[in-house]
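# Chains, contacts and geometry: an overview
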Amino acid sequence: MKGIGYLGPEGTYSEKAALLYAGDRKDLLAPCSTLEAVCQAVVQGTLNAGVLPLENSCEGTVVRTLDLLVRNEALSITGEIIVPVQHHLLARPETTLDQIGLVLSHPQPLAQCSEFLSQQLPGAKLQEMVSTAAAARVIRECGLGVAAIGNAEAGIRYNLVKVCENIQNMKNNYTRFVVVGREKPGEAEKKPAEYKISLLLHIHDRQGALYNILKEFAREGINLTKIESRPAKTRLGEYIFFIDLDGHLENPAVYRALREVDKQIIALRILGCYRKFKH
Ligand SMILES: O=C(O)C(=O)C[C@]1(C(=O)O)C=C[C@@H](O)C=C1
């Protein structure tokens, strides 16, 4: 079995998700420098699976991941993992809050901690980094006035202390990750259980187009759990919709709805049919 890619370095939230997915196969974990690198390695077959952040309970969809799913047609979704996200302000030992003039982190945590940052560090500059652990890793080489936002494990790994704990806007902050692979959708597991399907729909730019599609799912009593649009990158006004729904590809109601939807749109791609995450 080849590796499981995730956004590195060690100490990211993506690593936490990848560890949950790997179970006792932790030696397979492969940190990658970017989300693009994770996808590329899976598409090329250097890695067997990749773990990508898809949505956060506070900040919504990670659009970078949606764009990568659209662009990499060989990828399918084979699973999902939901990770609690608790951010801390990490700095070199003996740093105090009033010394901090620069905060480094991934754009998502900077947004997820916006209230703390504006209230407690109104004068601090914010700098985006490729990941929370990439931010934590450079702090040791910086002066006392620099802090990172990341998780407790990153603090331990990079010998940093928590200047402030649990600084995210929402106490219950969660990020949903998807596992991507090259399996054909539905092949990954077939045992009857609680399943989810992820779809990409490229729809026409015309009156009622979205309504007519949603109607098909409603008619079959299918519950949609996420809907998000991204520009199709073809022309202004044309969109691709990312839809998650409850069900399995072998359910007759799902089959009927997808057959009707397929007749009305430019393209339908089944990204995956996979088991729902159980906490
Ligand atoms: O920087 C990290 O630690 C990541 O794993 C990335 C990421 C993200 O892309 O949203 C993952 C989960 C958290 O929401 C914060 C950051």
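Residues numbered from 1 in each chain as written. Predicted model: local features only at pLDDT ≥ 70, side-chain atom pairs only at ≥ 80, totals over all residues. Heavy atoms only, no water.

If you look the protein chain up in an unreviewed UniProt entry, it shows as Prephenate dehydratase from Desulforamulus ruminis. Turning to the protein chain, the UniProt record has this under Pathway (unreviewed entry): "Amino-acid biosynthesis; L-phenylalanine biosynthesis; phenylpyruvate from prephenate: step 1/1." Taken verbatim from the UniProt record of the protein chain, the Catalytic activity (unreviewed entry) comment is "prephenate + H(+) = 3-phenylpyruvate + CO2 + H2O". (UniProt positions renumbered as here; feature names shortened; annotations may be inferred.)

## Some points on the side chain of His 202
Along the chain, His 202 turns up in strand β12 (residues 195–202). A distance of 3.0 Å separates a polar atom in the side chain of His 202 from a polar atom in the side chain of Glu 238. Non-local contacts of His 202, meaning those with residues more than four positions away in its chain, are made with Ala 232, Thr 234, Glu 238, Tyr 239, Ile 240, Ile 265, Ile 266 and Ala 267. (Helix = DSSP H or I, 4+ residues; strand = E, 2+ residues; numbered from the N terminus. Polar contact = N/O pair within 3.5 Å; in protein donor to acceptor, adjacent residues only side chain to side chain. Contact = heavy atoms within 4.5 Å.)

## Some thoughts on the state of the cysteines
Scanning the model with the defined rule gives zero disulfides in all. Its sulfur unpaired, Cys 113 is 8.3 Å from the next cysteine sulfur, which belongs to Cys 58. (Disulfide = S-S within 2.5 Å.)

## What to know about helix α2 (residues 35–44)
Every buried residue of α2 is listed here: Leu 35, Val 38, Cys 39, Ala 41 and Val 42. Each buried residue of α2 lies within a common arc of 165 degrees when the element is viewed along its axis, so the set occupies one face. Residues of α2 that are buried in the fold lie against β1 (3–7), β2 (29–32), β3 (47–56), α3 (63–71) and β11 (174–181). (Buried < 20%, exposed > 50% of the residue type's maximum accessible area, 1.4 Å probe, protein only. Arc of directions from axis to C-beta.)

## Here's the deal with the site of the ligand
Around the ligand, the surrounding shell holds 13 residues, and the nearest of these are Tyr 13, Ser 14, His 106, Thr 132 and Thr 175. Contact distances for the ligand include 3.4 Å between an oxygen atom and a side-chain N or O atom of His 106. Between the ligand and the protein, one listed contact pairs an oxygen atom with a side-chain N or O atom of Thr 175 at 2.9 Å. The fraction of the free accessible surface of the ligand (360 Å²) that becomes covered by protein chains is 100%. The set of elements that each furnish at least two residues to the shell around the ligand consists of α1 (13–22), α4 (107–112) and β11. Considering each element in turn, the shell around the ligand owes the most residues, three residues, to α4. Among the residues making up the shell around the ligand, the classes are represented as five nonpolar, eight polar and no charged. (Near = heavy atom within 4 Å. Areas by Shrake-Rupley, 256 points an atom, 1.4 Å probe, with all protein chains shown as cover. Nonpolar A, V, L, I, M, F, W, Y, C, P; charged D, E, K, R; others polar.)

## Brief notes about helix α6 (residues 132–139)
Of all eight residues that make up α6, six are buried, and the element is covered over most of its length. The set of residues buried in α6 consists of Thr 132, Ala 133, Ala 134, Ala 135, Ala 136 and Ile 139. Considering only its buried residues, α6 is in contact with α1, β6 (88–91), β7 (102–105), α4, β9 (146–150) and α7 (152–157).

## Let's talk about the environment of Leu 224
Within the fold, Leu 224 resides in strand β13 (residues 224–231). Residue Leu 224 is classed as partly exposed on the basis of its relative accessible area, which comes to 28%. It is 5.8 Å that separates the C-alpha atoms of Leu 224 and Asp 244, two residues lying 20 residues apart in sequence.

## Structural notes on unusual backbone geometry
Backbone torsion omega between Gly 8 and Pro 9 reads 0 degrees, so that peptide bond is classified as cis. Following the sequence through the fold, Pro 9 ends up in the loop between β1 and α1. We note that Asn 166 has phi near 45 degrees; this positive angle belongs to a residue other than glycine. With respect to the helices, strands and loops of the structure, Asn 166 is situated in the loop between β10 (161–164) and β11. Asn 166 sits in the partly exposed class, given a relative accessible area of 40%. Although it is not a glycine, Lys 233 sits at a positive phi angle of roughly 65 degrees. Within the secondary structure, Lys 233 sits in the loop between β13 and β14 (239–246). Accessibility expressed as a relative area gives 60% for Lys 233, which makes it exposed.

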